[in-house]
Structure formats: C-alpha cells, structure tokens
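These are the residues of each chain, in order.
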Amino acid sequence: DIQMTQSPSSLSASVGDSVTITCRASQGLTNRLAWFQQKPGKAPKSLIYAASSLQSGVPSRFSGSGSGTDFTLTISSLQPEDFATYYCQQYTAYPLNFGGGTKVELK
Amino acid sequence: EMQLVESGGGLVQPGGSLRLSCAASGLTFSDHYMAWVRQPPGTGPEWVGRIRDKTKSSTTDYAASVKGRFTISRDDSRNSLYLQMSSLKTEDTAVYYCVRELRDNSGFYYFDRWGQGTLVTVSS
C-alpha cells in the first residue's frame, strides 16, 4: 500500500497569511494526487486534482504543486472561510489512501 | 445543480446488514464511475470501493477491509448507487459518502463531488 504522510498535522495562522501543507507518498504517484478541504460536520470538498489542477469554483488563492513523492498545497492569503482540515489523497494505486490531515486553525 | 444524496444509515448490531442508497441528480449518472468513501469518527476519510460505468461492465473494486462483506451496485435507470453491507463490525462505524469520480488527462480517476454523507453506527 502507498502511505501518505502530511505535515504539519496542525498549524495556527492569521487571516492574510500564506500557508503551505506538505504531503509525501511512500511511492511515486507521478501527479495523481488530490487535495480536499473539510469543515466540521461537513463532507470533504474537492480542491485540486492531478497535483496542480484547480477544481471548478475553487478560489485561485489555492494552489498545488509537486510530482513523484513530494507535493504541496499553498493557500496564498488565508481567508476566514479557509480554517478547516485539509487532506491529500493518492489515486494511482489501490487502496486509494488519504493523508492524516492538516488542521488549519486561527492564531 | 448536481446533487448526491445518501440515505439508509442508522444503528445496526454487530453481524447485521444494512443497505445504503445514493440518489444522483443534475448529472448523466450512467456516464460516471462512482465510489463510496467512509470516515470513522474523529479520523480521516477511507476509500471503501468503486464501481465503473456500463462501458466497463459496471465492474467493482474494494478496499481489503470490506472485500467479501460489502457490495457496490448501481441502477442507472434510477440514477442510484447502492452499498450493501453485511457482517458488520464495530469498526465499520463511520459516515459513508457517495462520490462521483472523473477521469484526469492521464486516464486515472479522481474524487470530484461528494454527497453529504449518512451515518452508520455498528453497536450492540
């Protein structure tokens, strides 16, 4: 199985800050990596697929990069609605595993 | 507007069975791969399984933890996806999400849109 490791597990930031979340895969994914945002009590929302392709309707302050085993999600100017938990997920091989999540909290 | 609405969750005893449904609207359901993803309380999401579209004979794949106990099916005439769960264990307790999959440029499928989820609690 491909293991997905996210870091940090949590971070504190202020509105307007730029934040970066890292996701590392135990095997190469080429670019088959997705990012999701989840707020308490809600379903995950798809943000990015193919490592860097933004889902329709997702603000441009969200961006993804990386290939192979190392990927990042960057939020360029944190907005109040961005405080949430973020998950990466690989879709290159079964089982389609998720990372452990990164909780972005208000400082 | 596209919607995926899950139903059928509830409390079931260990060893019991339950059938979840997902009603799809606002999309050409028969064109799409669909998946079930679950999320146990306080943890991250976990892939359960996938069903392909009719051009791929609606074939299925499952996570090892549910293989042989869970069955995914679809009824394209009803725009509906199903998850039949049997021999349920306490560790199957989770919110279950119905998810539409789309194909990326490399031909692999990613999770696109999620339903609101339905809670399954396995407890005596």
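Every residue gets a number counted from 1 within its own chain, in the order that chain's sequence is written. Labels follow written order: the first chain is A, the first ligand is 1, and so on. With the structure being a predicted model, the display of local features is reserved for residues of pLDDT at least 70 and the display and counting of side-chain atom pairs for 80 or more, all residues being used for whole-chain, interface and lining totals. Here the side-chain values reflect all heavy atoms present in the structure, with hydrogen atoms and water set aside.

Caption draft 1: Representation of the overall build of chain B within the structure. Numbering of helices and strands starts at the N terminus; helices are DSSP runs of H or I of at least 4 residues and strands are runs of E of at least 2. Within chain B, the regular secondary structure consists of 0 helices and 11 strands. When the elements of chain B are put in sequence order from the N terminus, they spell out β-β-β-β-β-β-β-β-β-β-β. When we talk radius of gyration, it's over C-alpha atoms, and the globule rule is simply 2.2 Å times the number of residues to the 0.38. In summary, chain B has a C-alpha radius of gyration of 14 Å against a globular reference of 14 Å for 124 residues, a match within 12%. In terms of principal-axis extent, the alpha carbons of chain B reach across some 45 × 25 × 25 Å. Buried, partly exposed and exposed residues are distinguished by accessible area as a fraction of the type maximum, computed with a 1.4 Å probe on protein chains only: under 20%, between the cut-offs, and over 50%, respectively. Of all 124 residues assigned to chain B, the portion counted as buried reaches 51%. Roughly 5,700 Å² of accessible area belongs to chain B as shown, and the carbon and sulfur atoms make up 45% of that amount. Counted as positive: Lys and Arg. Counted as negative: Asp and Glu. His and the chain ends are not counted at all. Here the site of a charge means NZ on Lys, CZ on Arg, CG on Asp, or CD on Glu. Side-chain charges in chain B split into 14 positive and 13 negative, and the spacing between the mean points of these groups amounts to 4 Å. Only the protein chains shown count as cover for residues, with accessible areas throughout obtained via the Shrake-Rupley method and a probe of 1.4 Å.

Caption draft 2: Spatial organisation of the interface of chain A and chain B. Of the residues lining the interface, 18 residues belong to chain A; the matching set on chain B comes to 22 residues. Accessible surface is computed with a 1.4 Å probe, and the buried area is the amount of it that two parts give up when combined, taken over both parts together. Surface buried jointly by chain A and chain B totals about 1,700 Å² across both partners, of which 61% is contributed by carbon and sulfur atoms. When residues of chain A are sorted by the area they lose upon contact with chain B, Tyr91(A), Tyr94(A) and Phe98(A) head the list and together hold 32% of the total. Just to be clear on terms, a salt bridge is a Lys or Arg side-chain nitrogen sitting within 4 Å of an Asp or Glu carboxyl oxygen. At the junction of chain A and chain B, the tally comes to 0 salt bridges. Of all the secondary structure elements, the ones that give two or more residues to the side of chain A that touches chain B are β4 (33-38), β5 (45-49) and β9 (85-90) of chain A. Following the grouping adopted for this structure description, the nonpolar residues are Ala, Val, Leu, Ile, Met, Phe, Trp, Tyr, Cys and Pro, the charged ones are Asp, Glu, Lys and Arg, and the polar ones are all others, Gly among them. Of the residues assigned to the side of chain A that touches chain B, the class counts are 11 nonpolar, 5 polar and 2 charged. By definition in these notes, contact holds between two residues if any of their heavy atoms fall within 4.5 Å.

Caption draft 3: Highlighting the sheet that holds β9(A). Residue and element names in this part refer to chain A. The mixed open sheet is built from 6 strands, whose spatial order is β2-β10-β9-β4-β5-β6. Each edge of the sheet is formed by a strand with only one pairing partner; in this case those strands are β2 (10-13) and β6 (53-54). Pairing between strands requires that DSSP locate at least two bridges from one strand to the other. Examined bridge by bridge, β4 and β9 share 6 bridges and lie antiparallel to one another. In the sheet register, leucine 33 faces β9, and the bridge partner there is glutamine 90.

Caption draft 4: The arrangement of the layout of surface pockets in detail. Roughly 510 Å³ of volume is contained in the largest pocket. Cavity means a closed set of points on a 1 Å grid over the protein atoms alone, one where a 1.4 Å probe fits but cannot get out, pocket means an open set with protein on both sides within 12 Å along at least 5 of 7 lines, and lining means a residue has an atom within 4 Å of a point. Around the largest pocket sit 20 residues that line it, and Pro44(A), Lys45(A), Asp112(B), Arg113(B) and Trp114(B) are the ones nearest its centre. Elements supplying a minimum of two residues to the lining of the largest pocket: β5 of chain A together with β1 (3-7) and β10 (109-114) of chain B. A breakdown of the residues in the lining of the largest pocket according to their chemical character gives 7 nonpolar, 7 polar and 6 charged. Grid points are joined across faces, edges and corners, and a volume is the space filled by probe spheres set on the points. Quantified by volume, the second largest pocket comes out at close to 260 Å³. Looking at the second largest pocket, it is lined by 18 residues, and the ones nearest its centre are Gln38(A), Pro40(A), Gly41(A), Lys42(A) and Gln39(B).

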